[in-house]
2 protein chains.
Amino acid sequence: MPRTSTKAAAPARRLASDYRLEDQVGFLLRRAYQRASSNLVERIGSYDLTAPQYATLARLYERGALSQNLLGRLVAMEPANIRDVVLRLKKRRLVATRRDPTDKRLILIDLTAAGTALIEQLIPIEIECTATTLAPLKANERKQLYDLLGRLADG
Amino acid sequence: MPRTSTKAAAPARRLASDYRLEDQVGFLLRRAYQRASSNLVERIGSYDLTAPQYATLARLYERGALSQNLLGRLVAMEPANIRDVVLRLKKRRLVATRRDPTDKRLILIDLTAAGTALIEQLIPIEIECTATTLAPLKANERKQLYDLLGRLADG
DNA sequence: CCGATATTGTTATGATCATAACGATATCGA
DNA sequence: TCGATATCGTTATGATCATAACAATATCGG
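Let us look at the structure shown here.

**Notes on the interface of chain B and chain A**
Every contact between the two is made by 74 residues of chain B and, on the other side, 74 residues of chain A. Between chain B and chain A, a total of about 6800 Å² is buried, with carbon and sulfur atoms accounting for 60% of that surface. Here chain B is connected to chain A by four salt bridges. The residue Arg151(B) makes a salt bridge to Glu141(A) at a minimum N-O spacing of 2.8 Å. Across the contact surface, chain B and chain A share 25 residue pairs in polar contact (both at pLDDT 80 or more). Secondary structure elements with two or more residues in the side of chain B that touches chain A: α1 (25-44), α2 (51-63), β1 (66-67), α3 (68-74), β3 (107-111), α5 (113-133) and α6 (139-154) of chain B. For the side of chain B that touches chain A, the leading source of residues is α1(B), giving twelve residues. Its residues assigned to classes, the side of chain B that touches chain A comprises 40 nonpolar, 13 polar and 21 charged.

Printed below as a string of structure tokens:
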């Protein structure tokens, strides 16, 4: 039987102001994202896809070919990061790249047939996963959460 | 003047089910956390501290000496990750480590005087930062967000 | 037209982050 | 007591993640 150890706690000490880490939004958001992310990986992990990789494929599915930079903004990733994700997806032949003829700076990213087939298979799974993550909340609460998170993210 | 490029968007195509990435909690949570985290780094970055490092110091300040493993659980980090954070904080003499006499498996982590002084200086800054992050929300909405996030994270 | 400014993609660095496998130590249960 | 099981810390691997600096290309304003 597992034992959730609570060992080694020292007696309370120090100034002990009213501060609690739990009251900081950033900490709560990080934990909630951890939960959502692990829910997703549980379900799509067998396809060897991470959450950011999934989001990248989903975006391409929604929008069609996109420049690497715009794709990164649409999945909220820095240029240096989206680059690595695209490289991995490209290595697996889930996306293909080509130069933009009219703007030599741009690299256009697009789903391959294999990538399209995969994301079409995964989307229903992720929708189910979202439902699981939201299970602790009632319908009206979910709507509220979306509204609040959206306003936080958009600043 | 910066130009937010929206180039290279291909015409809408494919099955175009009703799926939208924005409707997935995980994506919203990730973006909201990015925002909160960058708000924090903006303010405490000059102290060369990251959000997880801050959380670690704050936890130690709240609870006193903790085993590395328990500390990790209390800041929501895997054993392998909290280890690295502790090593960095230890290298900067913000925390100190010692063996637990009664359980040879445990390493007890505690704030040094310097670590205590630093976190006491930072806590007010972070409280202010939380306020900034929550600025888009009204008081009752903040309370609601906390409730909803807490229930999500705890499953 | 053409130089100042912006944007895109790349490279490098350092810090998370999750997972699996492993030895050492503790604890449980027959 | 003693073997099965659990926990703790470590190591290794691979994938984010943010930032700064850089060259190539585009765009803007005079």
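What follows picks up the thread again.
**Brief notes about the environment of Thr133(B)**
Relative to the elements of secondary structure, Thr133(B) occurs in helix α5. With relative accessibility at 4%, the residue Thr133(B) sits in the buried group. In this view, Thr133(B) contacts Val25(A), Leu152(A), Ala36(B) and Asn39(B); residues no more than four positions away in its chain are not counted.

**Some thoughts on the sheet that holds strand β2 (residues 95-99) of chain B**
Residue and element names in this part refer to chain B. Pairing is antiparallel in the open sheet, where three strands are placed in the order β1-β3-β2. Of all the strands in the sheet, the pair left with one neighbour each is β1 and β2. Bridge count between β1 and β3: two bridges; the pairing is antiparallel. Its bridge partner being in β3, leucine 66 is matched across the sheet by isoleucine 109. Strand contacts of α2: β1, β2 and β3, with the helix running at about 90 degrees to β3, the strand carrying the most contacts.

**Focus: the pattern of salt bridges**
On inspection of all chains with the given rule, the structure shows 16 salt bridges over all chains. A salt bridge links Arg59(A) to Glu62(A), with the shortest nitrogen-to-oxygen separation between them at 3.0 Å. Here the residue Arg59(A) and the residue Glu62(A) both occupy positions in helix α2 (residues 51-63), the gap between them amounting to three residues, near one helical turn. Glu62(A) gets classed as partly exposed once you look at its relative accessible area, which sits at 22%. Across the pair Glu128(B) and Arg43(B) runs a salt bridge, and its minimum N-O distance is 3.0 Å. Of the two residues, Glu128(B) is situated in helix α5 and Arg43(B) in helix α1; the sequence distance between them amounts to 85 residues. With relative accessibility at 48%, the residue Glu128(B) sits in the partly exposed group.

Cut-offs and rules
Residues numbered from 1 in each chain as written. Chains lettered and ligands numbered in written order. Predicted model: local features only at pLDDT ≥ 70, side-chain atom pairs only at ≥ 80, totals over all residues. Heavy atoms only, no water. Contact = heavy atoms within 4.5 Å. Buried area = accessible area lost by both parts, 1.4 Å probe. Salt bridge = Lys/Arg side-chain N within 4 Å of Asp/Glu carboxyl O. Polar contact = N/O pair within 3.5 Å; in protein donor to acceptor, adjacent residues only side chain to side chain. Helix = DSSP H or I, 4+ residues; strand = E, 2+ residues; numbered from the N terminus. Nonpolar A, V, L, I, M, F, W, Y, C, P; charged D, E, K, R; others polar. Buried < 20%, exposed > 50% of the residue type's maximum accessible area, 1.4 Å probe, protein only. Pairing = 2+ DSSP bridges. Axes fitted to C-alpha atoms, helices over the stretch in contact; angles between N-to-C directions.

The quantities given are spatial measurements derived from coordinates; they are silent on function.
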